[in-house]
Amino acid sequence: MRTQRQVVDYSLRKRAVLRELLAGRVGTYDVCDASPYLKNAARFHGEPTDERCPICRSENLTHVHYIYGDELRQSAGQARTLAELPMLAMTVREFQVFVVEVCLGCDWNHLVEQYLLGRDGLTGSPEGGPDQDAVGGAAATGNGAGGRRRREAQR
Ligand SMILES: [Zn+2]
């Protein structure tokens, strides 16, 4: 998408979680915890992918796009289909997109990436963080809260 900027890729963190899982330091119960909201969002607004679930390997992952930003008002925190985002990016100055991968088979979920969209070129920085509850079990903050939560879960 043309106005996509400030992209943060979470694939390294995802690999770290999978390593922890392989090593037995976290259980599948800890990482396969998609909330009913997240799964509904995946069913109704999700983008199917060709990527196999790294946990159960029987389902393909679905990407859910959550949008955040003051200008979105009551839409903030909602899931949108990928097709809806370019239109939104034309009408809103700036909003944050969080992409979460979900497996509808085993409830695996993880943050894939985040980025900014909107008419507003390349100025300013995003204000405020995402509402974690709205993203369910997805470790959806940019400052390591997800990793912290995982570590706490091991104790
Ligand atoms: Zn799965």
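No experiment lies behind these values; they were computed from the predicted model shown.

**What to know about the coordination of the zinc ion**
Reference values for coordination geometry: four tetrahedral donors around a metal ideally subtend 109.5 degrees, six octahedral donors ideally subtend 90 or 180 degrees.
So, step 1. In this structure, Cys53 (SG), Cys56 (SG), Cys103 (SG) and Cys106 (SG) serve as the protein donors to the zinc ion, at separations of 2.3 Å.
So, step 2. According to the relative accessible area criterion, cysteine 103 is buried, its value standing at 0%.

**Let's talk about the pattern of salt bridges**
So, step 1. Tallying each qualifying case throughout the model produces six salt bridges.
So, step 2. Here lysine 14 makes a salt bridge to glutamate 51, at a shortest N to O gap of 3.2 Å. Here glutamate 51 lies in strand β2 (residues 47-52) and lysine 14 lies in helix α1 (residues 11-22), a separation of 37 residues in the sequence.
So, step 3. Judged by relative accessible area, which is 14%, lysine 14 ranks as buried.
So, step 4. With a relative accessible area of 36%, glutamate 51 lands in the partly exposed category.
So, step 5. Where lysine 39 meets aspartate 107, a salt bridge forms, and the shortest distance between an N and an O atom there is 3.1 Å. Separated by 68 residues along the polypeptide, lysine 39 in helix α3 (residues 36-45) and aspartate 107 in the loop between β5 (95-102) and β6 (109-117) bring together distant segments of the chain.
So, step 6. A relative accessible area of 18% places lysine 39 in the buried class.
So, step 7. Ionic contacts of the salt-bridge type, sharing partners, join the residues Lys14, Glu51 and Glu101 into one network.

**Re the nonpolar core**
So, step 1. Ranked by internal contacts, the top residues of the largest apolar core, which has 13 residues, are Leu38, Val64, Tyr66, Val100 and Val102.
So, step 2. For this core, the secondary structure elements donating two or more residues are α3, β3 (60-68) and β5.
So, step 3. In terms of nonpolar packing, the next biggest core, distinct from the first, is built from 12 residues, Ile67, Leu72, Val97 and Leu117 among them.

**A short note on α1**
So, step 1. Spanning 12 residues, α1 covers 16 Å between terminal C-alpha atoms, matching the ideal 16 Å at 1.5 Å per step.
So, step 2. Buried within α1 are the following residues: Lys14, Val17, Leu18 and Leu21. Along the axis of α1, the buried positions cluster into a sector of 95°, meaning they face one direction only. In α1, the exposed positions that point more than 90 degrees away from the buried face belong to Leu12 and Arg19.

**A word on the environment of threonine 49**
So, step 1. Mapped onto the fold, threonine 49 is located in strand β2.
So, step 2. Residue threonine 49 is classed as buried on the basis of its relative accessible area of 15%.
So, step 3. For the pair threonine 49 and glutamate 101, spaced 52 residues apart in the sequence, the C-alpha separation amounts to 9.2 Å.
So, step 4. Those residues in contact with threonine 49 that lie beyond four places of it in its chain are Asn60, Leu61 and His63.
So, step 5. Separated by 2.7 Å, the side chain of threonine 49 and the backbone oxygen of leucine 61 make a polar contact.

**Some points on unusual backbone geometry**
So, step 1. Notably, glutamine 6 is not glycine yet its phi reads approximately 50°, a positive angle.
So, step 2. When you line up the elements, glutamine 6 lands in strand β1 (residues 5-9).
So, step 3. The backbone of arginine 73 shows a phi angle near 50°, a positive value even though the residue is not glycine.
So, step 4. Turning to its location among the elements, arginine 73 is positioned in the loop between β3 and β4 (79-80).
So, step 5. You can call arginine 73 exposed: its relative accessible area is 66%.

Definitions and cut-offs
- Residues numbered from 1 in each chain as written.
- Predicted model: local features only at pLDDT ≥ 70, side-chain atom pairs only at ≥ 80, totals over all residues.
- Heavy atoms only, no water.
- Donors = N, O, S within 2.8 Å, 3.2 Å for Na, K, Ca; no water.
- Buried < 20%, exposed > 50% of the residue type's maximum accessible area, 1.4 Å probe, protein only.
- Salt bridge = Lys/Arg side-chain N within 4 Å of Asp/Glu carboxyl O.
- Helix = DSSP H or I, 4+ residues; strand = E, 2+ residues; numbered from the N terminus.
- Core = buried A, V, L, I, M, F, W, Y, C linked by side-chain atoms within 4.5 Å.
- Expected span 1.5 Å × (residues − 1).
- Arc of directions from axis to C-beta.
- Contact = heavy atoms within 4.5 Å.
- Polar contact = N/O pair within 3.5 Å; in protein donor to acceptor, adjacent residues only side chain to side chain.

By themselves, these observations are geometric and do not establish any function.
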